[in-house]
2 protein chains.
Amino acid sequence: MRFPRRLPPNARGPTSPQLAFEFGRTLNTSYAEHMNFEQYLEERRTWIEQALDDYLPRETEPPELLHRAMRYSVQSGGKRLRPILCLAAAEAAGGTAESALRPALALECFHTYTLVHDDLPAMDNDDLRRGRPTTHKVFGESIAILAGDALHTFAFELLSQCPQAAALVAELARAAGTRGVAGGQCDDLQAEGLPPDPTFVRRIHERKTASLIEASCRMGGICAAAPPMILEALGRYGRAIGLAFQIVDDILNVTSTPEQLGKATGSDAARKKMTWVSVFGLDESVRMARDLMTEALRHLENFPGPTEPLRQLAIHVVERSR
Amino acid sequence: MRFPRRLPPNARGPTSPQLAFEFGRTLNTSYAEHMNFEQYLEERRTWIEQALDDYLPRETEPPELLHRAMRYSVQSGGKRLRPILCLAAAEAAGGTAESALRPALALECFHTYTLVHDDLPAMDNDDLRRGRPTTHKVFGESIAILAGDALHTFAFELLSQCPQAAALVAELARAAGTRGVAGGQCDDLQAEGLPPDPTFVRRIHERKTASLIEASCRMGGICAAAPPMILEALGRYGRAIGLAFQIVDDILNVTSTPEQLGKATGSDAARKKMTWVSVFGLDESVRMARDLMTEALRHLENFPGPTEPLRQLAIHVVERSR
C-alpha cells in the first residue's frame with residue numbers, strides 16, 4: 001500500500017539526533033520537514049527499547065522467572081507505535097519527548113500485556129507473535145497470565161511517577177477498560193461466527209485498537225500541558241489512525257504471509273472472526289483506511305510544535321507491510 | 001481461635017450509625033470504645049457493597065457479558081476486609097470514611113481481580129469461591145481473564161478520580177506488582193512441591209497477601225492526608241495483620257470444612273503447596289498469628305482519630321472461622 005504523499009526515504013538527511021542512552025540526557029528531536037522518516041522511526045525505537053530495558057525490573061532480582069517473562073514479552077522487537085506516537089504528540093503539542101518518556105513506556109507495557117493475554121489458549125490461542133513463540137509457549141500459561149498482569153500494573157506504576165499522574169492514569173484507564181480495550185476484546189470474541197455487521201465491527205475496532213492509540217496521542221499532549229483544543233485534535237487524529245491501523249491489520253491478515261508478518265496469517269478467516277475485510281471486502285477496506293489517514297492529517301493544524309512526524313506516522317500506519 | 005482481648009460482642013451498643021445508601025450522604029462513624037463490632041462489620045460491608053453496585057459499570061450497558069462477569073465476581077459476599085480496613089485507617093488518621101470510599105472500592109475490585117485470575121484452570125484451578133462457582137466456571141475462561149483484567153484497570157480508574165491520585169496509584173501499584181501480589185503469586189506457584197523453607201514461605205505470604213493489606217491501610221491514611229509517621233504505623237499494622245491473615249487462611253485450609261469456608265479445603269496439601277502450616281506446623285502457626293496480632297495492636301498508638309475499629313479488626317483477622 002503505497003501513497004503518493006509519502007516522501008522519498010532519503011530526500012534529505014535528518015538533523016542527526018545525538019542519542020545518548022543513559023537516563024537523563026537529551027534527545028534531539030528537531031527534524032527538518034523533509035525528515036528521514038525511516039531513520040527517525042529506527043532511532044525512536046532504539047531509544048524506547050533502551051529505556052524499557054532500563055525501567056523494567058531486572059531478571060536477576062526475584063521473582064526472576066516473572067521478570068524474565070515480562071522482559072521476554074516486551075523485548076520482542078515490536079513496532080513501538082504507541083510510544084512513538086506519544087513522544088511525537090508531546091513534541092507536536094510544544095513539549096519535549098523526554099517529558100513523555102514514562103507514559104510512552106507505560107503504553108508499550110500496557111499494549112504488551114494485552115497481547116500476552118490475547119495470545120493465551122483460552123483467548124486467540126496464538127503460538128507466534130512478532131516472529132517468536134508467544135509468552136505462554138515459552139513460560140507456560142500461568143506465568144504468562146501473571147506476566148501480563150504485572151505489566152498491566154507496571155504501566156500504572158510508571159504513570160504514577162509523572163507530574164500529571166491523575167490525568168494520565170484516567171486517560172489510560174478509560175482507554176483500557178470495558179469501554180476500551182477490554183470491552184473490545186470481549187466483543188471480538190463474541191463476534192466470532194456472527195454475520196457481518198458494519199456497526200459492530202466498527203465498535204470492536206474502535207474499542208480494541210483505536211482507543212489505546214487515541215490515548216497514546218492524548219497522553220503525549222497531557223505531558224506537554226496542551227490546552228483542550230490541542231488535546232481534542234490529538235485525540236481525533238489518534239482515533240482515525242487507530243481505526244486505520246486495525247483495518248490494515250485485518251487486510252494484512254488476508255494478504256500477507258507469516259514470514260512477512262511475524263505472526264499467523266489467515267487466522268481471522270479460519271476463526272470466523274468478524275474483521276473489516278469480512279464485512280466490507282478488501283478493496284473497500286483499503287479505500288477506507290486511506291480515507292481515515294486523510295482525515296487524521298486534517299486534524300494536524302495549528303499545533304505549536306512540529307507535526308511532520310505525526311503526518312509521517314499517519315501515512316506509515318496505512319502503508320506498512322507488517 | 002478465641003482471644004481474651006476480644007470484647008463481648010454486645011457489651012455496649014454502638015452509637016447507631018445512620019447509614020444512608022445513596023451516594024453523597026454521610027456515614028456516622030463515631031463508635032464508642034466498646035463498640036458492637038459485629039454490627040460495625042455488617043454496616044460497613046453493606047455500605048461498601050451498595051457503593052460497589054453504584055460504581056461498577058451496568059450490566060445493561062455493552063459489553064453486557066463482561067460487565068455481568070465483573071459484577072458476578074465482585075458481588076459474591078466476600079469479607080470486604082481490605083475496603084473496611086481502608087475506611088477505618090482513614091478515620092484513625094483523623095479523616096472521614098467518605099474521603100476513602102473510592103480507594104476502598106478500588107481495593108476490593110483489585111482484590112477480586114486477583115481471585116478471578118488465581119482461580120483459573122492454569123493457576124489454582126478452583127471451582128468454588130465464597131460458596132459459589134468461580135467466574136470461569138460460569139462465564140468461561142476467556143471472559144474470566146478479561147473480567148479480571150477489566151477489574152484491574154477499573155481499580156486504577158477509581159484512584160485516578162481521587163485528590164491524592166498519584167500517591168494512591170503509586171501505593172496500589174507497588175503492592176500489586178512483582179514485589180507484591182503478582183510476585184507472590186508467582187513464588188506461590190513455583191513453591192509447589194519444594195521442601196519447607198521458612199524464609200521462602202514468609203516472602204510468599206508477605207508479597208501475595210500482606211502487601212495489599214498494608215497498602216489498604218496506608219491508602220486510608222493517604223486519603224486523610226496523614227503525616228509520614230502515621231502512614232508508617234498504618235503500614236506496619238497492615239503488614240502484621242496481613243501476614244496473620246494469610247497464616248490463618250493456611251490454618252483454616254487444614255482445620256475447616258468447605259461448607260464453613262465457602263471454598264475448597266485441604267487443597268493446599270493436595271497440591272503440595274508450601275504453606276505456613278506445612279512449614280511451621282499447626283500449633284506454631286496459631287501462636288505466630290497471635291503474636292502478629294499483638295504486634296499489630298502495638299502500632300496503634302498516638303493516632304489522631306478512633307483506633308478501636310482497627311484494634312477489633314486485628315483481633316477479627318486472627319479469630320475468624322472463615
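Worth saying up front: this structure is predicted, and the values here are computed from it rather than measured.

1. Considering the interface of chain B and chain A
Here is step 1: Facing the 43 residues of chain B at the interface are 43 residues of chain A.
Here is step 2: Buried surface at the junction of chain B and chain A, both sides included, amounts to about 3500 Å², of which 70% is carbon and sulfur.
Here is step 3: Counting every contact that joins chain B to chain A gives two salt bridges.
Here is step 4: A salt bridge links R179 of chain B to E61 of chain A; its shortest N-O distance comes to 2.8 Å.
Here is step 5: Remark: the boundary between chain B and chain A carries twelve residue pairs in polar contact (both at pLDDT 80 or more).
Here is step 6: Among the secondary structure elements, those contributing two or more residues to the side of chain B that touches chain A are helix 2 (64-74), helix 4 (101-118), helix 6 (141-160), helix 7 (165-176), helix 8 (181-191) and helix 9 (198-223) of chain B.

2. Focus on the pattern of salt bridges
Residue and element names in this part refer to chain B.
Here is step 1: Enumeration according to the criterion identifies 44 salt bridges over all chains in this entry.
Here is step 2: Across the pair D53 and R71 runs a salt bridge whose closest N-O atoms are separated by 2.7 Å. Of the two residues, D53 sits in helix 1 (residues 37-55) while R71 sits in helix 2, which places them 18 residues apart along the sequence.
Here is step 3: For D53, a relative accessible area of 27% puts it in the partly exposed group.
Here is step 4: For the salt bridge of R236 with E232, the shortest nitrogen-to-oxygen distance reads 2.9 Å. Residue R236 and its partner E232 are located together in helix 10 (residues 228-255), separated by four residues, close to a single helical turn.
Here is step 5: In this structure E232 comes out as partly exposed when scored by relative accessible area, which is 36%.

3. Here we look at unusual backbone geometry
Here is step 1: Put simply, P62 of chain A and P63 of chain A share a cis peptide bond, and its omega is -5°.
Here is step 2: Within the secondary structure layout, P63 of chain A lies in the loop between helix 1 (37-55) and helix 2 (64-74).
Here is step 3: Phi angles above zero are rare outside glycine, and R130 of chain B is one such case at about 50°.
Here is step 4: Turning to its location among the elements, R130 of chain B is positioned in the loop between strand 1 (128-129) and strand 2 (132-133).
Here is step 5: Its identity is not glycine, yet A225 of chain B carries a phi of approximately 50°, on the positive side.
Here is step 6: Classification of A225 of chain B by relative accessible area gives exposed; the value is 66%.

4. Describing the packing of helix 6 (residues 141-160) of chain A against helix 7 (residues 165-176) of chain A
Residues and elements named next belong to chain A.
Here is step 1: Running from N to C, helix 6 and helix 7 cross one another at 155°; their axes reach a closest spacing of 8 Å. Put simply, helix 6 runs roughly antiparallel to helix 7. Residues A155, F156, L159 and S160 of helix 6 touch helix 7, and the partners they reach there are A165, L168, V169, L172 and A173.
Here is step 2: Here the contact of helix 6 with helix 7 is built from residues that sort into eight nonpolar, one polar and no charged.

5. Considerations on the relation of the copies chain B and chain A
The two chain copies are connected by a rotation around an axis plus a translation along it.
Here is step 1: For these two chains of identical sequence, chain B goes onto chain A by a turn of 180° and a shift of 0.0 Å along the axis, with RMSD 0.0 Å. Overall, the copies show the geometry of a two-fold rotation axis. It is A166 of chain B whose C-alpha, among those of chain B, lies nearest the rotation axis, at 3.0 Å.

The rules behind these values
Residues numbered from 1 in each chain as written. Chains lettered and ligands numbered in written order. Predicted model: local features only at pLDDT ≥ 70, side-chain atom pairs only at ≥ 80, totals over all residues. Heavy atoms only, no water. Contact = heavy atoms within 4.5 Å. Buried area = accessible area lost by both parts, 1.4 Å probe. Salt bridge = Lys/Arg side-chain N within 4 Å of Asp/Glu carboxyl O. Polar contact = N/O pair within 3.5 Å; in protein donor to acceptor, adjacent residues only side chain to side chain. Helix = DSSP H or I, 4+ residues; strand = E, 2+ residues; numbered from the N terminus. Buried < 20%, exposed > 50% of the residue type's maximum accessible area, 1.4 Å probe, protein only. Axes fitted to C-alpha atoms, helices over the stretch in contact; angles between N-to-C directions. Parallel < 35°, antiparallel > 145°, perpendicular 65-115°, else oblique. Nonpolar A, V, L, I, M, F, W, Y, C, P; charged D, E, K, R; others polar. Least-squares fit on C-alpha atoms with pLDDT ≥ 70 in both.

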